[in-house]
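Topology and contacts: notes
Single-letter residue listing:
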There are 2 protein chains.
Amino acid sequence: MRATTKPRRRDRGRNAARTQAVILDAAERLFAEKGFEETSLAEVGRLADVSRATPGYFFGSKGSLHRAVLERCFEDIRRAVREGKERALASGQTPDVILAGAVADYADFIAARPNFVRLIEREALSDRRVLDGMPLRSAVWQEALAAFRQELGLDISDTTEAAHLLLSLVALTWFPIVHGRTFLKAVGLDPGAPEFGDQRKRHITTLLLGALRERAAFTSGIPS
Amino acid sequence: MRATTKPRRRDRGRNAARTQAVILDAAERLFAEKGFEETSLAEVGRLADVSRATPGYFFGSKGSLHRAVLERCFEDIRRAVREGKERALASGQTPDVILAGAVADYADFIAARPNFVRLIEREALSDRRVLDGMPLRSAVWQEALAAFRQELGLDISDTTEAAHLLLSLVALTWFPIVHGRTFLKAVGLDPGAPEFGDQRKRHITTLLLGALRERAAFTSGIPS
DNA sequence: ATTAACTTGCTTGCTGTCCAGCAAGTTGGC
DNA sequence: GCCAACTTGCTGGACAGCAAGCAAGTTAAT
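The model shown is predicted, which means the values in this text are computed figures rather than measured ones.

**Comments concerning the protein's contact with DNA strand C**
Residues in close proximity to DNA strand C total 19 residues, the closest being Lys62 of chain A together with Arg14, Thr19, Ser51 and Thr54 of chain B. Looking at DNA strand C alone, sugar and phosphate atoms form 56% of those within 4 Å of the protein. In this structure, Leu41 of chain A approaches DNA strand C through a main-chain N or O atom, which is 2.9 Å from a phosphate oxygen. The separation between a phosphate oxygen of DNA strand C and a polar side-chain atom of Lys62 of chain A is 2.7 Å. Broken down by secondary-structure element, the contributors of at least two residues to the surface near DNA strand C are helix H1 (16–34) and helix H3 (54–59) of chain B. Of all the elements, H3 of chain B adds the most residues to the surface near DNA strand C, at three residues. By residue class, the composition of the surface near DNA strand C is six nonpolar, seven polar and six charged.

**Re the relation of the copies chain A and chain B**
Of the two same-sequence chains, chain A is brought onto chain B (RMSD 0.1 Å, axial shift 0.0 Å) by a rotation of 180°. Taken together, the turn and the small shift mark the pair as related by a two-fold rotation axis. Mapped onto chain B, 100% of the interface residues of chain A are again interface residues, and the two copies thus contact each other with one and the same surface.

**Focus on the protein's contact with DNA strand D**
If you check the shell around DNA strand D, you find 20 residues, and the closest are Arg14, Ser51, Thr54 and Phe58 of chain A together with Arg14 of chain B. In the environment of DNA strand D, a phosphate oxygen lies 2.7 Å from a nitrogen or oxygen atom belonging to the backbone of Ser51 of chain A. Contact between DNA strand D and Arg14 of chain B: a base oxygen at 2.6 Å from a side-chain N or O atom of the residue. Among the secondary structure elements, those contributing two or more residues to the surface near DNA strand D are helix H1 (16–34) and helix H3 (54–59) of chain A. No other element matches the three residues that H3 of chain A contributes to the surface near DNA strand D.

**Thoughts on the interface of chain A and chain B**
Counting residues at the interface gives 50 residues for chain A and 50 residues for chain B. Counting the surface lost from both chain A and chain B, the interface buries some 4800 Å², and carbon and sulfur atoms represent 66% of this. Put simply, chain A and chain B have two salt bridges between them. Here Arg128 of chain B makes a salt bridge to Glu38 of chain A, at a shortest N to O gap of 3.5 Å. Where chain A packs against chain B, one counts 20 residue pairs in polar contact (both at pLDDT 80 or more). Of all the secondary-structure elements, those providing two or more residues to the side of chain A that touches chain B are H1, helix H6 (114–125), helix H7 (135–152), helix H8 (159–186) and helix H9 (196–219) of chain A.

**Thoughts on the pattern of salt bridges**
Tallying each qualifying case throughout the model produces 28 salt bridges over all chains. Close ionic contact of Arg72 of chain B with Asp25 of chain B constitutes a salt bridge, the shortest N to O distance being 2.9 Å. Here Asp25 of chain B lies in helix H1 and Arg72 of chain B lies in helix H4 (residues 62–91), a separation of 47 residues in the sequence. Residue class for Arg72 of chain B comes out partly exposed when judged on its relative accessible area of 24%. For Glu33 of chain B, the salt bridge goes to Arg29 of chain B, with nearest N and O atoms at 3.5 Å. Of the two residues, Glu33 of chain B and Arg29 of chain B are both situated in helix H1; the distance of four residues between them amounts to about one turn of the helix. Exposure remark for Glu33 of chain B: the relative accessible area of 33% places this residue in the partly exposed category. Several salt bridges share partner residues, and in doing so they unite Asp25, Glu28 and Arg72 of chain A into one network.

**A closer look at the environment of Ala42 of chain A**
Counting through the fold element by element, Ala42 of chain A comes out in helix H2 (residues 41–48). As a C-alpha pair, Ala42 of chain A and Ala53 of chain A span 11 residues in sequence and 7.1 Å in three-dimensional space.

The rules behind each value
- Residues numbered from 1 in each chain as written.
- Chains lettered and ligands numbered in written order.
- Predicted model: local features only at pLDDT ≥ 70, side-chain atom pairs only at ≥ 80, totals over all residues.
- Heavy atoms only, no water.
- Near = heavy atom within 4 Å.
- Polar contact = N/O pair within 3.5 Å; in protein donor to acceptor, adjacent residues only side chain to side chain.
- Helix = DSSP H or I, 4+ residues; strand = E, 2+ residues; numbered from the N terminus.
- Nonpolar A, V, L, I, M, F, W, Y, C, P; charged D, E, K, R; others polar.
- Least-squares fit on C-alpha atoms with pLDDT ≥ 70 in both.
- Contact = heavy atoms within 4.5 Å.
- Buried area = accessible area lost by both parts, 1.4 Å probe.
- Salt bridge = Lys/Arg side-chain N within 4 Å of Asp/Glu carboxyl O.
- Buried < 20%, exposed > 50% of the residue type's maximum accessible area, 1.4 Å probe, protein only.

So this is what it looks like as structure tokens:
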């Protein structure tokens, strides 16, 4: 009937690595946007423009595909953490300036990859313990914590404080990604508006800097 | 074989209201812990100690049951918001003290009902738009925002600032509930430890108070 | 007795996985 | 260069399991 009834399979020939990457992209998107159970392998195949059975052929099972997606995601995050750390340490700035920079960097990274947040959030909620058996996951956060502490010049006794600060940074940055169209809209914030991003960064920076200064004032022994 | 092979059906006789409540409790727990798709009506029935089909009998469909669970959840939250507001306004304290109290109250409320957080977080992530058609949801957050602004004495021009503050409070409070066994463990925090709760409350209070004071200093026109 | 509160049985649709097959490519002998 | 033997990439069909919803039954309260 139609002239081009269907582009059918794409022109690209047989190429396992390429196909796997395309499947991972499709799966990442669907798992992030719809969740693990709500996504069928057939759907992944359709979005990747391969057959229904190809995802299973390459990744063995749906669970393995999911794990592969998360693994790739954490590798990206680790790379970002390392780059951010190097940049911060090379800048030689004061902790204040470094913290402000870290907030901006991290917020930008997250804004560019919202699906990472959705994937991780989903997995944290899930009772499937996929994340448990993934050494990379734990390692990434530990690395981030170490970098954070080093950049801000917090000594060994401040580990807990640094952990709370990092936790707060992550919490404050992730929340709008997940609740953009629900909570944020309800309180009159539009995460899509052009000014929102900077507004939010400034707010987060203010919060964290306040706590950092409070801590500095305390340890330098200001009289009560 | 066993003396009490099965308690079978509960002794309590027929009572629609009671049964519905039990079903709602079971569904709330399962939807929160395992998610919508991963939960079957049969499982809800089992946990509620009724037959496989009873949830469907009372709530019509799985989707309606889910909506009923969320509705009840938001009603509870609204009640908490109203009580908190009354208490805060009746206390007649300064904004600083009130904010500290609000943080503590809210953190306690959330800690007592972690499943509310999981439910809402799941629904925010979901592409099912159940929350969209729920006027109560939006109303609750708006009410919370208004209360927050009033308690802290922020005038009308500070709406955006108040929204960001409230958003931050919620983000900071919810995060440990969701990521307790993943992120928190990785950075060496144990959300189950007895001291964690107070530690976290103090940290959050510090953060928010810093921002509030900054704002006060700014508007009262301190020279640069 | 009538109605409402449940329950058991069944159907229907969907999805993950296994399997056999085929076609595109690669290798090695001549 | 050429062809045959073999490998790899990818597909469609079949099957089994499970869950939602319906329908027809069974019991308890009023």
